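A look at the structure
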Amino acid sequence: MIIIFGISFVLLEIVMAIYIRVAEIRIELPTYTFQNTQNFWFDLDENFGTLHLPNDEYRQKKYCFDVVYKTNSKGLRDAERELNTETKRIVALGDSFTEGIGVNVEDRLTNLLEKDKNTPHLNFGLAGNFGPTQYLMMYKTLAKTYSHEAVLIGILPSNDFIDDDYETALKFGGDRYQPFLKGAYPDYDLVYYTDSISKSKARPRKQNWKSKILKNFTYSYNMYRYVRAVRRVQAIPSEKLLSASKVPSYFNYSEKQFNRMRYALEQIKKLAGDRPVMVYSIPIFKEIKAYREHGKNTLGKRLKEVCDRIDVEYLDLLPLTESLTLEACEAQFLPCDGHWSEKGNVFAKQEIQSYFSYYK
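Before going into details, it helps to say that this report is about the structure given with it. (Residues numbered from 1 in each chain as written. Predicted model: local features only at pLDDT ≥ 70, side-chain atom pairs only at ≥ 80, totals over all residues. Heavy atoms only, no water.)

1. Structural notes on the overall build of the protein chain
From N to C terminus, the protein chain includes 13 helices and 11 strands. Here the C-alpha radius of gyration of the protein chain, 21 Å, is about what a compact globule of 360 residues would show, namely 21 Å. A principal-axis box enclosing the C-alpha atoms of the protein chain has dimensions of 75 × 50 × 50 Å. Residues counted as buried form 51% of the 360 residues belonging to the protein chain. Sequence-distant contacts in the protein chain: of pairs separated by 6 or more residues, those separated by 24 or more amount to 73%. Carbon and sulfur atoms make up 54% of the accessible area of the protein chain, which totals about 17700 Å². Charge centroids of the protein chain, computed over 50 positive and 46 negative side chains, lie 4 Å from each other. (Helix = DSSP H or I, 4+ residues; strand = E, 2+ residues; numbered from the N terminus. Rg over C-alpha atoms; globule rule 2.2 N^0.38 Å. Buried < 20%, exposed > 50% of the residue type's maximum accessible area, 1.4 Å probe, protein only. Contact = heavy atoms within 4.5 Å. Areas by Shrake-Rupley, 256 points an atom, 1.4 Å probe, with all protein chains shown as cover. Lys, Arg positive; Asp, Glu negative; His and termini not counted. Charge placed at Lys NZ, Arg CZ, Asp CG, Glu CD.)

2. Details of the pattern of salt bridges
If the charged atoms of two oppositely charged side chains come close together, the side chains can form a pair. By the definition in use, this model includes 13 salt bridges. D78 is the salt-bridge partner of R81, the closest N and O atoms lying 3.0 Å from each other. Under the relative-accessibility criterion, R81 is labelled buried at 18%. Linked through salt bridges whose partners overlap, the residues forming this network are D78, R81, R108 and E114. (Salt bridge = Lys/Arg side-chain N within 4 Å of Asp/Glu carboxyl O.)

Everything listed here is a matter of coordinates, which is why it stays silent on function.
Spelled out as structure tokens, the structure:
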């Protein structure tokens, strides 16, 4: 009986391993190590919420990448940095694209710029529902305390608008500790979803030994968790889901959403003072395809107008993809994840480096 069970389990694992790759299921795969004793993204900071544990390590493995993330003493995926130095440095703000999810640290945008320009780029990017209001709070309460000469900000319209939407958070729920701008431009109050960070669902907690073994050593358990999550979403009444037509993107956002982004950029510039501030916007592959179909891009024009008014340089990466084939554009993104691949980071580095005056 034990032998039959063992053979059946091995066969199931083989089938799951093949199916996940063939069907391109975007889930984490077993690492066959005990590196991951708990999750990597938590709500830890009283000002901006999302952060990693200090001096931590996490291995993320999907069918198209296998990367180990390491954090410094501040809980950021970056080298250890001195608070003050005479060396010219750039602070980089953004979400998971800035943090470099899915690629080794030496292959992400900020490290490529740092190596090529011999200028340290302090990476304050974070994944885990991190939007422009959090960029502002990150800069105001932490990043600004480090000596630096310029600020580089990455905007991701495909989720920055929704990550910053207070009304959506109230309507659809969630129990993360996250700052939002409440009110109408330019009169906002800073409010937090959940009134205490201790109430957040994303607090550190170690897995029990059964979950640890199953998650780190089996395909079946990870697939089971994925199916369970899908069913949970499918069980949500349609009126409580955000319809596809209302999902924000380069081409679909409200005035309230745009004004929140605008306000966050304006406040970062005020805090930066005379330091150059550079903003670039990132299209995902789906938006690149849509842009080729209709050629409309009001967001790029509006962000340019806002940035010009506050003396901030702005680079829109979307129209720059027109010089590439659609296949080359697709290769810029990880098929199992949607973040920039190594090629995507190289593309962004080349365009940023050749456009912003600070790098010339």
